[in-house]
Amino acid sequence: MYNLLGDLSIIEASSFVASPTAGLYCAQMGAEVIRVDHKAGGLDYDRYMLTREGRSLSWENLNRAKKSVALDLRSGEGRELLVELTRATGQVITNLPEKSFLSHAAMSEGRDDLVSVRIMGWHDGRQAMDFTVNAAAGYPLMCGPEEWPESIGAKTAPPVNQVLPAWDFITGAYAAFAMLAALRHRDASGEGSEVRIPLGDVAIGTLANSGAMAEMLYRGGDRERLGNAIWGAFGRDFRTKDGTRFMVAALTAKQWHGLVEAFGIGTAIAQLEAELGVRFADGDEPRFTHRHKLFDLFQRVAGSHDYAALEARMAANGCTFEKYRTAHEAANDPALVTDNPLFGPAPANPSGFDYPAPRSFANIPERESGDPAPAPYLGQHSEEILAERLGLSSGAIGKLVDAGTVALSDKD
């Protein structure tokens, strides 16, 4: 954590991935992020996978460094408390529907400078989740083996989903950026902002930003599937003599020369260039166009060496490569986790499970990042926030607790 946003407080009323990610990134930069949930937990509170104690590891990690307030959000009084907290704080991140008690109009009544960032499904109000917008944007039909069995056929080959909810995380990051942009505008003008970020627009917009949409329109059809090859450049997975799979990429002349040197195929490359009338050092186009012949050359060398020997040669020549790891192997890899300053101890997790947790992804030299903060227990800060933000006395809060409108920590 860095304390760059130490003077900023944000109400977060959200669930699942995108909206909590926005709050998480703000909290990792020092903002006080106050997550407000229904007293029994939000829709994501019991999200798989659960520890033996019934704690969600997903919830625990997406809500680090935040404070937690638990209210009866099915009651009018609980909902009004959330609206009042939002007005008193001045900025909110949410993925609740606009046509709900947490509409911008309701929250900004009497608070014209309110900044609200709302993550939606589609721009027209339809519901969406990461995997459904991914399907709509066309990415799963770009993935998969280059050659499916003839019985399947190129046009009917099944889609291949990715396991990472990429659009959720990209949307969360964009929402955090949008929040800070709106706050900067308010500082300059005094004006509030209602910002809506549809998850589906992030997906289809990214397709456009990457140039892929223009490509499909230009070519008048779809891109061919490439298996594990990199589109438009040289790169693919290879397998060594001892069965290790690794990925290489050569997008620059330096990377290409290093790879050719490491594999010891300079003569073979020269012969292939003479045969084809090209120079592979000239750029991505010849390397991509003739990728299959190049893949055969590289695989023959990879298949005749154990990985350790080839790894040493690639490292010595400054190649860009990585061995494939399982997620469990990655979590136990010293270079990735144990010896990586990104990670720090997080011994106070509500789950009781002690494991490394990431600090801010940004690395600011000469600033102390501090250790990762734990996630709160549900309702852990209810009394503190209601007293500080709304000025409620301990007696008034006690009555709300007795009435079931407010819940305190679920630690026990």
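For every chain, the first residue of its written sequence is number 1, and the numbers climb from 1 along that sequence. With the structure being a predicted model, the display of local features is reserved for residues of pLDDT at least 70 and the display and counting of side-chain atom pairs for 80 or more, all residues being used for whole-chain, interface and lining totals. Neither water nor hydrogens contribute to the side-chain values; these are computed over all heavy atoms in the structure.

Draft legend 1. Representation of the overall build of the chain in the model. We count a stretch as a helix when DSSP gives it H or I for four or more residues in a row; a strand needs E for two or more, and each element gets its number in order from the N terminus. When helices and strands are counted, the chain shows 17 helices and 12 strands. Principal-axis analysis of the C-alpha atoms places the extent of the chain at approximately 85 × 45 × 45 Å. When each of the 412 residues of the chain is scored for burial, the buried share is 44%. For the chain, the exposed area adds up to about 21200 Å²; of that, 54% sits on carbon and sulfur atoms. Counted as positive: Lys and Arg. Counted as negative: Asp and Glu, with His and the chain ends omitted from the count. Throughout, a charge is located at the NZ atom of Lys, the CZ atom of Arg, the CG atom of Asp or the CD atom of Glu. The distance from the centre of the 40 positive side-chain charges to the centre of the 54 negative ones in the chain is 3 Å. For every residue, the accessible area obtained with a 1.4 Å probe (protein chains only) is divided by the maximum for its type, and the residue is called buried under 20%, exposed over 50%, and partly exposed between those limits. Residue exposure ignores everything except the shown protein chains as possible cover, and the areas themselves are Shrake-Rupley values with a 1.4 Å probe.

Draft legend 2. Examining the packing of aromatic side chains more closely. The pairing test for Phe, Tyr and Trp rings, Trp by its six-membered ring, is centres within 6.5 Å, and the orientation test on the planes gives stacked under 30 degrees, edge-to-face over 60, and tilted for anything in between. According to the stated counting rule, one finds 16 aromatic pairs in the structure shown. Here Phe234 and Phe298 contribute two aromatic rings whose centre-to-centre distance is 5.0 Å and whose plane-to-plane angle is 45°, an arrangement assigned as tilted. With Phe234 in strand E7 (residues 234-239) and Phe298 in helix H12 (residues 291-302), this residue pair connects regions lying 64 residues apart in the sequence. Owing to a relative accessible area of 0%, Phe234 belongs among the buried residues under this scheme. Phe298 sits in the buried class, given a relative accessible area of 0%. Through a chain of ring-to-ring contacts, three or more aromatic side chains come together here, namely Phe234, Phe238, Phe246, Trp256, Phe263, Phe280, Phe295, Phe298 and Tyr307.

Draft legend 3. Expanded view of the pairing of E7. Only strands that DSSP links by at least two bridges are regarded as paired with each other. In terms of strand pairing, E7 meets strand E8 (residues 245-250) through six bridges, oriented antiparallel. Residue pairing in the sheet places Phe234 in a bridge with Ala250 of E8. Counting the residues that bridge the hairpin from E7 to E8 gives five residues, and of these Gly243 lies at a positive phi of roughly 85°.

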